[in-house]
Amino acid sequence: MSDPIIKIQNMNKWFGDFQVLKNINLEVEANKKIVVCGPSGSGKSTLIRCINRLEEHQEGDIIVDGNELSEKTKDIEKIRAEVGMVFQQFNLFPHLSILDNCTLAPIWVKKMPKKEAQELALDQLKKVQIDDQANKFPGQLSGGQQQRCAIARALCMQPKIMLFDEPTSALDPEMIKEVLDAMVSLAKGGMTMIVVTHEMGFAKEVADEVIFMDEGMIIEKAETKEFFAKPKSDRTKLFLSQIL
Amino acid sequence: MQTINFLKPSRDNIKNYSIIGSFLVLVSLIDVISNAFLKINLTSFLPGSLTTLFPLIIGLIGLNMMRIDYSGNKTLDLLNKNINTNNFNALLTLLILFSIIKALPQSLSWMILDATISGDSKDACTGTGACWTYIKVWFRRFMYGMYPNEFHWRINTAFILVIALGFVGYFMKENLKKYLALYYVIIYPVIAYLVIYYLISGGSFGLQWVETGAWGGLSLTFIVSFFCLIFCFPLGMIFALGRRSNLPAIKYISICYIEFWRGVPLITVLFMSSVMFPMFLPEDFFMDKLVRVIIAITLFEAAYCAEVIRGGLQSLPRGQYDAAKSLGMGYWKMHIFVILPQALKLVIPGIANTFLALVKDTPLIFVVGLAELAGMLALAKTNPKWLGFAMEGYIFASIIFWIICYAMSKYSYNLEAKYKTER
């Protein structure tokens, strides 16, 4: 068995006096797909934001691809470049075209030649089926198209890990499917993924493991089939009964 | 024929109403116009106060009759919607129209009909109107200050060169476009400085030295505004970013800087720059007064720019920072490619506001003895040979300033439209 690509040990995080994450222990192996679920305010988003250090943790260790994240980490940008992230609100850059959104980081962070970056971007856009929109601006696209562009933008950095922070929560029901399809095909391609979502259908289809969080703690962590078939804790049962 | 209900105009008899209504409004306007322009009182048969009120009453009745909702006539609907929604608005419309008409003949005759422009001394101005001769005679002074007449071509050439260099960005090749910001922020000001130094100041290449004290008029307005605008923007950007920095030292230095410069009046800053500042400098160190003034205004306006830009930075959602960071961009890349382009686009109106204020603040440099356009006016109006023409001078200066400022604000609208990408 290989070394885990993400390793979190005894991690605690506070927002002021409020403890959002309590004693988190988590190991994710390469090519595994993890789905994180739980009620809102349970710290799911904060957890994955800690993995690329958009949030700082106060106690414990987070090791991503062999690099420990702490205040001393000098090359946090290098680690972030290897960890792609997709946000609930898409967060595309509205002043740039779809193509430029995708090529910006490869050109300026990875120093890729412009032509190569554009080819890569068009390739990725094709995979999420919006290559015909490449020259439009984000404001001209539907929510689902924007989110697929955001996925393509993250993939253009050729990351080792992809984090999804409730990627379908801000979308119309009709558009959820097209985004989930893009994520499923990405998962089948062997990407390491951590997905915060309420889409249990997606979890059943692709996840290797499901994590249930509540009040800043990991309540349950189990193989997908086991998680849905016989959840151990009562809290998980209650949650599943409400959401399914 | 239907009976006409005067109080209730309606669609059914729209023709009668609109014709009678517009006729009455026309009568009231004719009365006022003949009164103002021809000095004929058409309604002299009416008793005293009614004569003055007559056009108002007639006009009101006329407008009332024309007020037909959904008349189907586009012009009439437009008129009703904009200036004739109710009786009060109709009254305001009439009053404004009448006062414009009443004021027109006097101003027209003063500015054009009775004005003088021939001749080249005060004696030519004998009429009751404006004396544009004054502007004509002093024109070169207003444009170039005390700069020797035979060297005015040097100022003109320098300005043409500087403007031409400013347009270089439009013709730059595609692969050089990424150096555009560098060009405008650093290279262009340096070249412009050298051009102005060698051409206008002279002293080398066989050009006679002209000290900055002799510079003046509109050309000085341009020089001061140009350098202040070009420097205060990047400086303001730096302090705006500094104020939002996580590093306490940088943050508090920026706050102190901004609060200090925003707290002092420009006029004292100018005094300081010309009187106090040289005292702190070593004996043999010389800095031209004009340079000191430009630095002072730049530092002053940079504080305002900084706050305007900070407003733009604050209005960006946090997600933009998150997205840029998650793609592996560091502080500078994130700001240069993601944050600043969006923030600056948002603050174009605010920046334009600051810049217009800057241009209109340049006359203040008169207090340190530099006479730009308004300063030259102040000098000219106290010239014993030309006493009593302040009005003409100030109207002239207002028109010039208005043209400059209007051009700038138009340009800012263009920029806004150009960088609009949402929908």
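Residues numbered from 1 in each chain as written. Chains lettered and ligands numbered in written order. Predicted model: local features only at pLDDT ≥ 70, side-chain atom pairs only at ≥ 80, totals over all residues. Heavy atoms only, no water.

*Asks:* Outline the overall build of chain A, listing residues and values.
*Replies:* If you tally the helices and strands in chain A, you get nine helices and ten strands. Relative to the compact-globule value of 18 Å for 244 residues, chain A shows a C-alpha radius of gyration of 18 Å, a close match. Every one of the 244 residues in chain A was classed for burial, and the buried ones make up 57%. Put simply, 66% of the contacts in chain A that link residues at least 6 apart link residues at least 24 apart. With the model as given, the accessible surface of chain A reaches about 11,100 Å², and the carbon-plus-sulfur share is 46%. Charge centroids of chain A, computed over 31 positive and 36 negative side chains, lie 2 Å from each other. (Helix = DSSP H or I, 4+ residues; strand = E, 2+ residues; numbered from the N terminus. Rg over C-alpha atoms; globule rule 2.2 N^0.38 Å. Buried < 20%, exposed > 50% of the residue type's maximum accessible area, 1.4 Å probe, protein only. Contact = heavy atoms within 4.5 Å. Areas by Shrake-Rupley, 256 points an atom, 1.4 Å probe, with all protein chains shown as cover. Lys, Arg positive; Asp, Glu negative; His and termini not counted. Charge placed at Lys NZ, Arg CZ, Asp CG, Glu CD.)

*Asks:* Which residues make up unusual backbone geometry, and what values go with them?
*Replies:* All names here are of chain A. One non-glycine residue with positive phi stands out, namely lysine 111, at about 60 degrees. Here lysine 111 shows up in the loop between helix 3 (98-108) and helix 4 (114-127). The phi torsion at glutamate 166 lies on the positive side, around 45 degrees, for a residue other than glycine.

*Asks:* Outline the nonpolar core, supporting the account with residue identities and numerical values.
*Replies:* By size, the foremost hydrophobic cluster in this structure holds 126 residues, and its most contacted members are Tyr134(B), Phe142(B) and Met329(B). Once you skip the residues sitting within four places of it in the chain, Met329(B) turns out to touch Glu77(A), Phe93(A), Leu104(A), Ala105(A), Val109(A), Ala324(B), Met334(B) and Val338(B). Residues Val35(A), Ala154(A), Met175(A) and Phe239(A) belong to the second largest nonpolar core, which totals 52 residues. (Core = buried A, V, L, I, M, F, W, Y, C linked by side-chain atoms within 4.5 Å.)

*Asks:* Mind laying out the packing of aromatic side chains, listing which residues take part and the relevant values?
*Replies:* Throughout the structure, instances matching the rule amount to 20 aromatic pairs over all chains. Taking 6.0 Å as the distance between ring centres and 20 degrees as the angle between the ring planes, the aromatic pair formed by Tyr193(B) and Tyr197(B) counts as stacked. With Tyr193(B) and Tyr197(B) both in helix 8 (residues 180-201) and four residues apart, this pair spans about one turn of that helix. Residue classification places Tyr193(B) among the partly exposed positions, given a relative accessible area of 42%. Accessibility expressed as a relative area gives 33% for Tyr197(B), which makes it partly exposed. Members of the aromatic cluster, each reached through a chain of ring pairs, are Tyr188(B), Tyr193(B), Tyr197(B), Phe226(B), Phe227(B) and Phe231(B). The residue whose ring lies beneath Arg153(A) is Phe93(A), and the NZ or CZ to ring-centre distance is 4.5 Å. The lysine or arginine in question, Lys204(A), covers the ring of Phe228(A), its NZ or CZ lying 5.0 Å from the ring centre. (Phe/Tyr/Trp six-rings, centres within 6.5 Å; stacked < 30°, edge-to-face > 60°. Lys NZ or Arg CZ within 6 Å of the ring centre and 35° of its normal.)

*Asks:* Please provide a residue-by-residue account of the interface of chain A and chain B, values included.
*Replies:* Frequently, the measure chosen for interface size is the accessible area removed from exposure when the parts meet. The interface is formed by 26 residues belonging to chain A together with 21 residues belonging to chain B. Of the roughly 2,100 Å² buried at the junction of chain A and chain B (both faces included), carbon and sulfur atoms supply 63%. When the buried surface of chain A facing chain B is broken down by residue, Phe93(A), His95(A) and Trp108(A) rank first, second and third, together holding 26% of it. Between chain A and chain B we count two salt bridges in total. Our enumeration of links across chain A and chain B arrives at seven residue pairs in polar contact (both at pLDDT 80 or more). Of all the elements in the fold, those that place two or more residues in the side of chain A that touches chain B are helix 2 (76-82), strand 6 (83-86), helix 3 and helix 5 (143-155) of chain A. Within the side of chain A that touches chain B, the residues separate by chemical class into 15 nonpolar, five polar and six charged. (Buried area = accessible area lost by both parts, 1.4 Å probe. Salt bridge = Lys/Arg side-chain N within 4 Å of Asp/Glu carboxyl O. Polar contact = N/O pair within 3.5 Å; in protein donor to acceptor, adjacent residues only side chain to side chain. Nonpolar A, V, L, I, M, F, W, Y, C, P; charged D, E, K, R; others polar.)

*Asks:* Summarise the domain arrangement of chain B; cite the residues concerned and give the values.
*Replies:* The assigned domain composition of chain B is domain 1 (2-113) and domain 2 (133-147 + 210-418). A straight line from the C-alpha centre of domain 1 of chain B to that of domain 2 of chain B covers 47 Å. (Domains from an automatic or database assignment.)

*Asks:* Talk me through the sheet that holds strand 9 (residues 209-214) of chain A; I want residue IDs and the actual numbers.
*Replies:* All names here are of chain A. One open sheet accounts for six strands, arranged 6-7-8-3-9-10; its pairing is mixed. Where the open sheet ends on each side, the last strands, each with one partner, are strand 6 and strand 10 (217-223). Strand-to-strand, the axes of this sheet are offset by a mean angle of 15 degrees, without reference to chain direction. The sheet contact formed by strand 9 and strand 10 spans six bridges and is antiparallel. The residue bridging methionine 213 from the neighbouring strand is isoleucine 218, located in strand 10. Packing against the sheet, helix 5 makes contact with strand 6 and strand 7 (161-165), and its axis sits at approximately 170 degrees to strand 6. Against the sheet, helix 9 (residues 234-243) engages strand 3 (33-37), strand 9 and strand 10, with an angle of about 100 degrees to strand 9. (Pairing = 2+ DSSP bridges. Axes fitted to C-alpha atoms, helices over the stretch in contact; angles between N-to-C directions.)

*Asks:* Tell me about the confidence of the model for chain B, and name the residues and values.
*Replies:* For chain B, per-residue confidence averages 83 on the pLDDT scale, and residues scoring 70 or more make up 96% of the total. Model confidence for the complex: the whole-complex pTM is 0.82, and ipTM, which rates the interface, is 0.91. (pLDDT = per-residue confidence, 0-100.)

*Asks:* Residue-level account of the sheet that holds strand 5 (residues 67-68) of chain A, with values.
*Replies:* All names here are of chain A. Taken in spatial order, the four strands line up as 2-1-4-5 in an open sheet, and their pairing is antiparallel. The open sheet has two free edges, formed respectively by strand 2 (18-29) and strand 5, since each of these has just one partner strand. This element, helix 1 (residues 44-51), spans strand 1 (4-15), strand 2 and strand 4 (59-64) of the sheet and lies at about 120 degrees to strand 1.

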